[in-house]
Structures are given as C-alpha cells and as structure tokens.
Amino acid sequence: MTPSFSPHLVNDPFGDPGLLIEIRWSRRALLFDLGDTSPLSPTLLLRVQDIFLSHTHMDHFIGFDRMIRVALGRGKRLRFFGPPGLIANIEGKLRGYTWNLVDGYPLALVVREFHEDRIAFAEFHAKDGFLCHHYPEVPADHSEVFPVLQEPALSIRAVALNHRIPSLAFALEEPFHININKVRLHEAGLPVGSWLKNVKQCIWDGRPDSHVLHATLYREHRQETRTFTLGELKERFVTISRGQKIAYVVDCRYDTENERKIIDLCRDADTLFCEAPFLEQDGEKAKSRYHLTASQAGILGARARVQQLIVFHFSPRYTGQGDRIRQEAQTAFMTTNHERHGTAV
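Predicted, not measured: the structure shown is a model, and the values here were computed from it.

1. Thoughts on the pattern of salt bridges
Summed over the entire model, instances satisfying the criterion amount to 21 salt bridges. The partner of K261 in a salt bridge is E257, with the nearest N and O atoms 3.1 Å apart. Placement of both K261 and E257 in helix α8 (residues 256–266) is noted, with a separation of four residues, approximately one turn of the helix. Salt-bridge contacts for R305 lead to D268; the nearest nitrogen and oxygen are separated by 3.0 Å. With a gap of 37 residues between them, R305 in the loop between α10 (294–303) and β18 (308–312) and D268 in the loop between α8 and β17 (271–275) connect regions that are remote in the sequence. Accessibility expressed as a relative area gives 35% for R305, which makes it partly exposed.

2. Re the packing of aromatic side chains
Aromatic ring pairs are defined here through the distance separating the ring centres and the angle between the ring planes. Applying the stated criterion across every chain, the model contains 15 aromatic pairs. Pairwise contacts between aromatic rings join F32, F52, F81, F170, Y248 and F312 into one cluster.

3. Remarks on the side chain of E113
Note on placement: E113 falls in strand β6 (residues 108–114). Buried and unpaired, E113 has no salt bridge, with R118 as the nearest side chain of opposite charge at 5.8 Å. Looking at E113, its side chain comes within polar contact range of the side chain of H115, at 2.8 Å. Residue contacts for E113: discarding those within four places in its chain leaves G82, P83, P84, G85, L86, I87, R118, I119 and A120.

4. Quick word on the nonpolar core
Residues F32, F52, V148, I156, F170, W195 and Y248 are the most contacted members of the largest nonpolar core, which totals 45 residues. When residues of this core are assigned to their parent elements, the largest contribution, six residues, is made by helix α6 (residues 195–204). Leaving out residues up to four positions away in the same chain, F32 has contacts with G18, L19, I21, F52, I156, F170 and Y248. Among the nonpolar cores identified, the runner-up in size contains 33 residues, and M67, I90, W99 and L107 belong to it.

The rules behind these values
Residues numbered from 1 in each chain as written. Predicted model: local features only at pLDDT ≥ 70, side-chain atom pairs only at ≥ 80, totals over all residues. Heavy atoms only, no water. Salt bridge = Lys/Arg side-chain N within 4 Å of Asp/Glu carboxyl O. Helix = DSSP H or I, 4+ residues; strand = E, 2+ residues; numbered from the N terminus. Buried < 20%, exposed > 50% of the residue type's maximum accessible area, 1.4 Å probe, protein only. Phe/Tyr/Trp six-rings, centres within 6.5 Å; stacked < 30°, edge-to-face > 60°. Lys, Arg positive; Asp, Glu negative; His and termini not counted. Polar contact = N/O pair within 3.5 Å; in protein donor to acceptor, adjacent residues only side chain to side chain. Contact = heavy atoms within 4.5 Å. Core = buried A, V, L, I, M, F, W, Y, C linked by side-chain atoms within 4.5 Å.

In structure tokens:
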C-alpha cells in the first residue's frame, strides 16, 4: 500500500535540522523546524501550510525569513506551532523589516504557543504591516503528551523536552489508512482521478454508508457524472488498515524524564527521526550541551518500539564520520531490540 506521508530531511545530517512531510493525497506539506531551507524549492515551500517548531535556536529558526519571502504576495495562511516565546520571536523577526508596501498582500501568520497550563494565540497580517494581534489565552490541562493539531485525516501530538528550555518533539499520525484498489476500479470500468479524493474525505469525515456521492469521471476527452453510495464504494474498492506514524525528536538530553516522554510520544512509530549530535565516547559533552548521543538515540528508538530509526543533526566535529554515527545508533537500536525480545545479537 502507498503510504499517505512522504517524509524527508531538508538537509544532510550535518546541516540544520528540518523535516518536510508531503501528504500524498493532497498538494500539502508539513514542515518540522525552520533551519536552512535553501534545498527546498519555492514550489515545494508554497505547499507548506503548517510549521511545527521545536524551539527557536538559530539552526531551527533561521529559515523563517525565506519562508515569509516566498509566501509574500500569495493568498496564504501559514500556521506556526511551538513552545513558549514563539509569538515574541516571530514578532521580533518581523520588526526587523520595513513593510510599507505590503498593505494589499493577503498573507496571514497564525501562531500558537504551548505552555504547561495554557495556549497563547496571535496573528500577524501583511495588510497592516504585520502588527501583532493577541487573542485570549485558553487554559490547557496538558498531559505530558498533548495534542497540537487535530484533523479528520491526521493528528499531531507533542511533548516538551528539557534542553535547558522547552524543546518540543512531535509525532504525526493518521487514525487509519485508506487504500483504493485500482485493479478493481479498472475491472469495473471506473477511472482514477480527483473524485477518489472526495471518497477518502467522506471516509475521514465519518460520513454514513448511506451518504450519496455525485462523482465526475473523466475519460479521455469526455466526462461523465455517476452517483454512488459511500457504502458501495467502500465495499467494492476500499481497504482500511493501520495508520502511518512518524516521530521527530531533536535537542534534548538523555535523562529519566526525557526518556519517558520520548517513549510515550514515539511508541510504535513507523519511522523515528532522532537527533544524534554526539558519539557515545563524548557522552559527558552531550549531557552538558543537553543533546543525545547516537547510542542513546538507538536505545530510545528500540524502547519506543519504532520500526525504523533515522538519525541526523550531527555535530560538525565529526565531519567525515557520518557512517560511524549511523552505525553506533543502529548497533544500539538492534542490541536493545534483541535484549527487549530476549534474543541473542
């Protein structure tokens, strides 16, 4: 089955952190962290609607300016989600420029920052020079893992990790996966096309099987309108299975509290993208800098029962030793997995 989410790191493992996830069934992408975005084309950046920031250290936030530059003049509404201080950080970025000629631009920035006990909201609009408009905060009785974005087809949860400041880790998950059997469609004389996105959306929205769809089918140079019930389409052409899960963890040290939070957030993920700035031989340095070692990343991945571990955010001190970092992480991942299952390595 074709997965719904297509993730890839924005930069090589020694570059700035950033994870782009394209949603295959729509022209939409999600971006986790805003480091150097120069590898991303403007076309790809314009697909991004939602940006999730772990924190605003320079290597995670310097790409904000390019994101805004690409989006200016477009009818876009960008949503930013991040830790305490994000609203002030975005306001400071925007105040660094002069905006006297953008009053006709439709760009809007919507910002949510997550505190332990509340969520703060603000908006910035090009039409008034990106003045900061604060909105009433709402109380939030967060558990350690808390919801950030909830939609019918996907959800994103986060947890605040200790980096001497809060650093958010994220997990993206679809509640279930919808697969359309194109062989059966062909056998039934039905073409693939945008009408199938409507079918999926109806399933995501929880429409009843009796719901009627009027589908426009395109066949070469002609079109045809057909009427179906959702239940008929589900029975004949749809398979529903376990949803995909992707986790993203950066900038935190290995301690009991962070370990518990990471495992809770990432449990059973298909893929965990995890930082590994240091080798285990430099574990004390990693601890003092509030970062993980490659071995610790492997242990966390195994204890969270993830299927695949991808490490990145390597310190430049190890330039040329990327394979060594990856090998250390994978060795710890496999060893811990074997220990968990009680088998020999």
